[in-house]
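Reading the structure
The primary structure of each chain is shown beneath.
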Amino acid sequence: MAFSAGIQTAFLSPPPTNAATSALSHPISSLSFLNCSPPFPLRFSSKLPLKCPSSIRASSNSTTVAESLGLKINSVQTMPIEGQKTGTSGLRKKVKVFMDENYLANWIQALFSSLPPEDFMDGLLVLGGDGRYFNKEAAQIIIKIAAGNGVGKILVGREGIMSTPAVSAANGGFIMSASHNPGGPDYDWGIKFNYSSGQPAPESITDKIYGNTLSISEIKMADIPDVDLSCLGVTNFGNFTVEVVDPVSDYLELLENVFDFPLIKGLLSRSDFRFIFDAMHAVTGAYAKPIFVDKLGASPDSILNGVPLEDFGHGHPDPNLTYAKELVDILYGENGPDFGAASDGDGDRNMILGRGFFVTPSDSVAIIAANAQEAIPYFRSGPKGLARSMPTSGALDRVAQKLNLLFFEVPTGWKFFGNLMDAGKLSICGEESFGTGSDHIREKDGIWAVLAWLSIIAYQNKDKKPGEKLISVSDVVKEHWATYGRNYFSRYDYEECESEGANKMIIYLRDLVSKSKAGDSYGSYTLQFADDFTYTDPVDGSVASKQGIRFVFTDGSRIIYRLSGTGSAGATVRIYIEQFEPDVSKHNMDAQIALNPLIALALSVSKLKDFTGREKPTAHLQNLNFKSTVNVPRSYRKLVFGIYIRFYKVCNMIYLEAMSEP
């Protein structure tokens, strides 16, 4: 297995007594973390892994505090810097903020100060990122601070690249990414810490980090030169080791133990099936060719935007109908491919498309769960349980009910799934924000979701002979709706609102909830209950409160309001609208038409315009399935689709059915 340079390998030869010695000529066995047998999640060592920092205060403000085996440790003086509270997806700001003196370094040191020393002293840590601007510089800072705090070895992906799922598979670490947000000198940067089992750090850790950022006075930093991250191999600095590794090998081996690769390869090699994957010039560009082309036999020209770039090719690496428009145009074009998919900046999100057909994230996780046992070897004994984030539609709930599986509704944030997985209660989960995954790792996983869908399509068509009509993506979705009913769903984002107005709106809604009671009338809807969602973890009893305001009606319809802290500026108000439709004859309605009464009610109840001054959302996430909703010629659908996209682009409205909290 790859990453075979486990902690045992870190000191195979005596460390030098002085300067750094490079062992780049020594081959590494790529990335194998642990000698456990698949298909269990790969695990590195009992020690933790870490992530990246930024500019450091001048060396004139530092003093040498230790020197051991040729590794000199400096104490760099610093002061607290405001604005370093970690959200559900780590710390995200504009890249120029992270490049300010000591900004990133303070956070990294605060993290080390928040962990028990036995979690990292002489231990093995992992470092990777999505390839965005500033990652290479940040990686050098993280490496030096890790060495300064007593870490024994750092494993870092070549060029600093390693997807979020791959880092999670390595038992966690530092992930340099702002997820699906734009990259470049004027855009976003972020850092996240994944804990010992590979899941995002719990609030007990992130709260300590924030507390330490408020009192920090020194940064412990090793006095070592920068490491060449372009070459695979090992570099020793006294008793500290850096190994640059292939970021793909172990992750690929894990996937091979989850899926039936020969089954998928049989589908991708068919002359009557065409596949395309858009890496969006982000981290999965490093994974797409080795997995889809080299291993599964897809055509090399099936990979779109497959070279990772620091600014994502001046694009926005968010796999949705707006930002992956190039892919959408191809799938909705004349004679489009049978299957299309995209992943985001750090490789943990996904979008699934059929020919002229968009699969909403809420539907996607439900369909994967419904088909997992027969189509995916990892789930041959059946899923242990299913879970979704609270704002995600209830499509998954109905699968859990029909299959008699454990089901959990958790707050937004992938970290809430981790405890359930570790306790053996959860196998498949997802979020409306294009995040889907399973317990093979402790993060959502974009390529996993693509392979899961390819497995379903391949299984459904395994007995189809050449020339026979294949079961398509839209066929699979419509059959699912016929079995479970359709959950119409839409999300509206009002980004960069003034925080004061947005907070006042939430306070108003909380007051309204406190006065509401079952049976109250809201237009033509009857209230079942209204609350501010609180989650009690069934494993450890921890409580997460104020996770979103819900109005749930007796017909299953829902209106949800949340403030998101995942952007890099201002407050984002999110409104989620859902309506369940069991009648098959009504499954082909346009989502906007089906949800129109609820949308009007949501805006009226919240008084959003009064509080925020906003009349239109900056992002509107909904379904755009012209093929499934309008029975007209393809040429007309294409024309309407083009007009539809251009119109809402002018209005600065994004059309999709579910995006994510960053």
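Residue indices begin from 1 for each chain and proceed along its sequence in written order. Local features in a predicted model are, by the rule used here, given only for residues with pLDDT of at least 70; side-chain atom pairs are given and counted only at 80 or more, and totals for whole chains, interfaces and linings are based on all residues. The side-chain figures draw on all heavy atoms in the structure; neither hydrogens nor water molecules are used.

1. Some details on the overall build of the chain
Along the backbone of the chain there are 19 helices and 29 strands. Relative accessible area decides the class of each residue, using a 1.4 Å probe on protein chains only: under 20% of the type maximum gives buried, over 50% gives exposed, and in between gives partly exposed. Sorting the 662 residues of the chain into buried and exposed places 61% on the buried side. Residue-level accessible areas treat just the shown protein chains as cover; the underlying method is Shrake-Rupley with a 1.4 Å probe. Carbon and sulfur atoms form 51% of the exposed surface of the chain, whose accessible area is close to 23900 Å². Numbering of helices and strands runs from the N terminus, with a helix taken as a DSSP run of H or I at least four residues long and a strand as a DSSP run of E at least two residues long.

2. Section: the sheet that holds strand E17 (residues 385–389)
Within a beta sheet, neighbouring strands are joined by backbone hydrogen bonds and run either parallel or antiparallel to one another. By this definition, two strands are paired if DSSP reports at least two bridges between them. The sheet built from four strands is open, its strands ordered E18-E17-E19-E20 with mixed pairing. Either end of the sheet is taken by a strand with one partner, and the two such strands are strand E18 (406–410) and strand E20 (435–438). Within this sheet the neighbouring strands show an average axis-to-axis angle of 15 degrees, counted without direction. Pairing geometry for strand E19 (residues 428–431) and E20, over four bridges, is antiparallel. Note that in E20 the partner of Cys-429 across the bridge is Gly-437. Any two residues whose heavy atoms approach within 4.5 Å are treated as being in contact. Axis definition: a line fit to C-alpha positions, over the contact stretch in the case of helices; interaxial angles, taken between N-to-C directions, run 0 to 180 degrees. Here helix H11 (residues 395–403) sits on the sheet in contact with E17 and E18, set at roughly 165 degrees to E17.

3. Some words on the nonpolar core
Nonpolar side chains in soluble globular proteins tend to end up buried together. By convention a nonpolar core is built from buried Ala, Val, Leu, Ile, Met, Phe, Trp, Tyr and Cys residues, the set being connected through side-chain atoms within 4.5 Å. Counting 75 residues, the largest nonpolar core has Phe-259, Phe-275, Phe-292, Phe-339, Leu-451, Trp-453 and Leu-454 as the members making the most contacts within it. Here this core gets 11 residues from one element, more than from any other, and that element is helix H13 (residues 446–460). With sequence-adjacent residues up to four places away left out, Phe-292 is seen in contact with Leu-268, Phe-275, Phe-277, Gly-297, Ala-298, Ile-303, Ile-447, Val-450, Leu-451 and Leu-454. Formed by 50 residues, the second largest nonpolar core is a distinct cluster that contains Val-76, Ile-142, Ala-147 and Met-221.

4. Regarding unusual backbone geometry
One non-glycine residue, Met-280, lies in the positive phi region at around 55 degrees. Position of Met-280 among the secondary structure elements: in the loop between strand E12 (275–278) and helix H8 (285–295). We note that Lys-546 has phi near 55 degrees; this positive angle belongs to a residue other than glycine. Within the secondary structure, Lys-546 sits in the loop between strand E25 (543–544) and strand E26 (549–553).

5. As for the side chain of His-480
As for its placement among the helices and strands, His-480 is situated in helix H14 (residues 473–484). The contacts of His-480, once residues within four sequence positions are left out, are Ala-366, Ile-367, Ala-370, Val-399 and Gly-485.

6. So, the confidence of the model for the chain
What pLDDT conveys is the predictor's confidence in a given residue, as a value from 0 to 100. On average, the chain scores 85 in pLDDT, and the residues at 70 or more come to 82%. With pLDDT under 50 throughout, residues 1–60 is counted as low confidence; its partners more than four residues away or in other chains account for 228 contacts. Counting contacts from residues 624–662, a segment whose pLDDT is below 50, to residues more than four positions away or on other chains yields 125 contacts.

7. Quick look at helix H12 (residues 415–422)
Of all eight residues in H12, six are buried, a share of seventy percent or more. Turning to H12, its buried residues are Lys-415, Phe-416, Phe-417, Gly-418, Leu-420 and Met-421. Looking one or two residues past H12, Gly-424 carries a phi angle of roughly 75 degrees, positive in sign.

8. With respect to the environment of Tyr-492
With respect to the helices and strands, Tyr-492 occurs in strand E21 (residues 486–497). Given a relative accessible area of 6%, Tyr-492 falls into the buried group. Note: C-alpha distance between Tyr-492 and Ile-599 (107 residues apart in sequence) is 9.5 Å. Side-chain polar atoms of Tyr-492 contact the side chain of Gln-592, separated by 3.3 Å. Polar contacts here mean pairs of N or O atoms no more than 3.5 Å apart (in protein, one a potential hydrogen donor and the other a potential acceptor; neighbouring residues in sequence count only if both atoms are side-chain atoms).

9. Concerning the side chain of Asn-149
Following the sequence through the fold, Asn-149 ends up in the loop between helix H3 (135–148) and strand E6 (153–157). Classification of Asn-149 as buried rests on a relative accessible area of 8%.

10. Quick look at the packing of H13 against H14
Each pair of packed helices gets described by two things: the angle between the helix axes and the distance between those axes. At a minimum axis distance of 10 Å, the contact between H13 and H14 shows a crossing angle of 90 degrees. If you check the angle between H13 and H14, you find them roughly perpendicular. Listed contacts from H14 to Trp-453, Ile-456, Ile-457 and Gln-460 of H13 are Val-473, Val-476 and Val-477. Roughly parallel refers to an angle under 35 degrees, roughly antiparallel to one over 145, roughly perpendicular to one between 65 and 115, and oblique to any angle outside these ranges.

11. Focus: H13
Here H13 contains 15 residues, and its C-alpha end-to-end distance of 22 Å stays within 8% of the 21 Å for a straight helix at 1.5 Å per residue. Regarding H13, its N-cap is Asp-445, as a side-chain oxygen of that residue lies 3.4 Å from the backbone nitrogen of Ile-447 further along. Between the first and last residue of a helix there are one fewer steps than residues, each counted as 1.5 Å, and that sum is the expected span.

12. Describing the pattern of salt bridges
Put simply, a salt bridge is a Lys or Arg side-chain nitrogen that is within 4 Å of an Asp or Glu carboxyl oxygen. One pass over the full model with this rule turns up 35 salt bridges. The closest approach of N and O atoms between Glu-409 and Arg-550, which form a salt bridge, is 3.3 Å. Of this pair, Glu-409 sits in strand E18 while Arg-550 sits in strand E26; the two residues are 141 residues apart in sequence, bridging distant segments of the chain. Residues joined by salt bridges that share partners form a network here, namely Arg-388, Asp-397, Glu-409, Asp-531, Arg-550, Arg-558 and Glu-578.

13. Things to note about the packing of aromatic side chains
The aromatic pairing rule takes the rings of Phe, Tyr and Trp, using the six-membered ring of Trp, and pairs them if the centres are within 6.5 Å, calling planes under 30 degrees apart stacked, those over 60 edge-to-face and the rest tilted. If you walk through the whole model with that rule in mind, you get 23 aromatic pairs. With a centroid separation of 5.5 Å and 90 degrees between ring planes, the pair formed by Tyr-251 and Tyr-287 is classed as edge-to-face. Remark: Tyr-287 occurs in helix H8 and Tyr-251 occurs in helix H6 (residues 249–256); sequence separation between them is 36 residues. The exposure class of Tyr-251 is buried, given its relative accessible area of 2%.

14. Regarding the sheet that holds strand E16 (residues 357–359)
Read from one edge to the other, the open sheet built from five strands follows the order E13-E12-E14-E15-E16, with strand pairing classed as mixed. On the outer flanks of this sheet lie strand E13 (303–304) and E16, each paired with one strand and no other. By the bridge criterion, three bridges tie strand E15 (residues 350–354) to E16 in an arrangement that is antiparallel. Following the sheet pairing, Ile-352 is matched in E16 by Val-359.

15. Section: the environment of Asn-305
Within the element layout of this structure, Asn-305 appears in the loop between E13 and helix H9 (325–332). Along the sequence, Asn-305 and Ala-282 sit 23 residues apart, while their C-alpha atoms lie 8.2 Å from each other. Reaching out from Asn-305, the side chain makes a polar contact with the side chain of Glu-326 at a distance of 3.2 Å.

16. Remarks on the packing of helix H10 (residues 361–375) against H13
Interhelical geometry of H10 versus H13 gives an angle of 55 degrees and a closest axis separation of 10 Å. Relative to H13, the element H10 lies oblique. Here H10 runs over H13; the crossing is left-handed. Listed contacts from H13 to Ser-364, Ile-367, Ile-368, Asn-371, Glu-374 and Ala-375 of H10 are Trp-448, Ala-449, Ala-452, Trp-453, Ser-455, Ile-456, Tyr-459 and Gln-460. Taken together, the residues of the contact of H10 with H13 break down into nine nonpolar, four polar and one charged. Crossings are classed by handedness, with left-handed meaning an anticlockwise turn of the near helix from the far one by less than a right angle and right-handed meaning a clockwise turn. Any residue outside Ala, Val, Leu, Ile, Met, Phe, Trp, Tyr, Cys, Pro, Asp, Glu, Lys and Arg is labelled polar, Gly included; the first ten of those are nonpolar and the last four are charged.

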